[in-house]
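Coordinates in review
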Amino acid sequence: MTPTTTTLPAESAGPTIYSGLIAQARFHLLTNSVYQRLISSPSLTPEDTLNLQKPIEEWYNGLPSYLKHPQLPISMQPANIDPDSLALVRNRLLWRNWNLTILIYRPIVLRWAARRWAPHSGSPGTPDAGSEDPFETECRLRCLQNARLTISSISEYMAN
């Protein structure tokens, strides 16, 4: 668009220089309420915490395929599939997504760790088998999975 443009251009089926900005703006619009909920009530139940994931999933599902996480590792993808700028845009969006997911589930992981290592819980490192809420277990595993995704993605990005 220019100052003399009188009609909107046709939507592009592929990436443009604005694709990342648009996706990022949508992410922040959909997830601002998630962040507000996190900072206003740090002691959410595991069920409430899992529900906070829904706007993030909605945002991710609405992304065009070229901005989604590739199913193949970078080393197995076809050569020159993306310009460097698109790879950075996609990865930055994914890292923000995973980071917010980690922030959502972090209080549950910290509460779990505090209980697990508390002096009254028996010997350190001994899990109390069968007593953990399945929703809490799911939250904890999601947090760790997103941390692993972030670490491996940044490592692959920097290596390539």
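Shown above is the structure to which this text applies.
Computed from a prediction, not measured in an experiment: that's the story for all the values here.

Rules used in this analysis
Residues numbered from 1 in each chain as written. Predicted model: local features only at pLDDT ≥ 70, side-chain atom pairs only at ≥ 80, totals over all residues. Heavy atoms only, no water. Helix = DSSP H or I, 4+ residues; strand = E, 2+ residues; numbered from the N terminus. Expected span 1.5 Å × (residues − 1). Buried < 20%, exposed > 50% of the residue type's maximum accessible area, 1.4 Å probe, protein only. Contact = heavy atoms within 4.5 Å. Polar contact = N/O pair within 3.5 Å; in protein donor to acceptor, adjacent residues only side chain to side chain. Disulfide = S-S within 2.5 Å. Patch = residues over 30% accessible without salt bridge, like charges linked within 9 Å, V, L, I, M, F, W, Y side chains within 5 Å. Areas by Shrake-Rupley, 256 points an atom, 1.4 Å probe, with all protein chains shown as cover. Salt bridge = Lys/Arg side-chain N within 4 Å of Asp/Glu carboxyl O. Phe/Tyr/Trp six-rings, centres within 6.5 Å; stacked < 30°, edge-to-face > 60°. Axes fitted to C-alpha atoms, helices over the stretch in contact; angles between N-to-C directions. Parallel < 35°, antiparallel > 145°, perpendicular 65-115°, else oblique. Nonpolar A, V, L, I, M, F, W, Y, C, P; charged D, E, K, R; others polar.

Brief notes about helix 4 (residues 134-159)
The end-to-end C-alpha distance of helix 4, which contains 26 residues, comes to 37 Å, matching closely the 38 Å that a straight helix rising 1.5 Å per residue would cover. Residues of helix 4 that are buried include every one of Glu136, Cys139, Arg140, Cys143, Asn146, Thr150 and Ser153, and no others. Buried residues in helix 4 make contact with helix 2 (46-61) and helix 3 (84-117). Measuring from the side-chain oxygen of the N-cap residue of helix 4 to the backbone nitrogen of Phe135 gives 2.9 Å; that N-cap residue is Asp133.

Observations regarding the state of the cysteines
Evaluation of the coordinates by the stated rule reveals zero disulfides. Cysteine Cys143 is unpaired, with the sulfur of Cys139 as its nearest cysteine sulfur at 9.3 Å.

Brief notes about a nonpolar patch on the surface
On the surface, a nonpolar cluster with roughly 480 Å² of combined accessible area is contributed by Ile17, Tyr18, Leu21 and Ile22. In this structure, Ile22 sits in helix 1 (residues 19-40). Look at Ile22 and you get partly exposed, because its relative accessible area is 41%.

Structural notes on the packing of aromatic side chains
According to the stated counting rule, one finds three aromatic pairs in the structure shown. On the basis of an interplanar angle of 85 degrees and a centroid distance of 5.6 Å, the ring pair of Trp95 and Tyr157 is categorised as edge-to-face. In this pair, Trp95 sits in helix 3 while Tyr157 sits in helix 4, placing the two residues 62 residues apart along the sequence. Three or more aromatic residues joined by ring pairs make a cluster, and in this case those are Phe27, Trp59 and Tyr60.

With respect to the packing of helix 1 against helix 2
A pair of packed helices can be characterised by two numbers: the angle between their axes and the separation between those axes. One way to put it is that helix 1 packs onto helix 2 with a least axis distance of 9 Å and a crossing angle of 170 degrees. By the angle between their directions, the pair helix 1 and helix 2 is classed as roughly antiparallel. Together, Ala23, Arg26, Phe27, Leu30, Thr31, Val34, Arg37 and Leu38 of helix 1 and Asp48, Leu52, Pro55, Ile56, Glu58 and Trp59 of helix 2 make up the contact between the two elements. Among the residues forming the contact of helix 1 with helix 2, the class breakdown is nine nonpolar, one polar and four charged.

So, the pattern of salt bridges
Scanning the model with the defined rule gives four salt bridges in all. A salt bridge links Asp48 to Arg37; the shortest N-O distance between them is 3.9 Å. Residue Asp48 is located in helix 2, and its partner Arg37 is located in helix 1; the two are separated by eleven residues in the primary sequence. A relative accessible area of 32% means that Asp48 is categorised as partly exposed. For Arg37, a relative accessible area of 33% translates into the label partly exposed.

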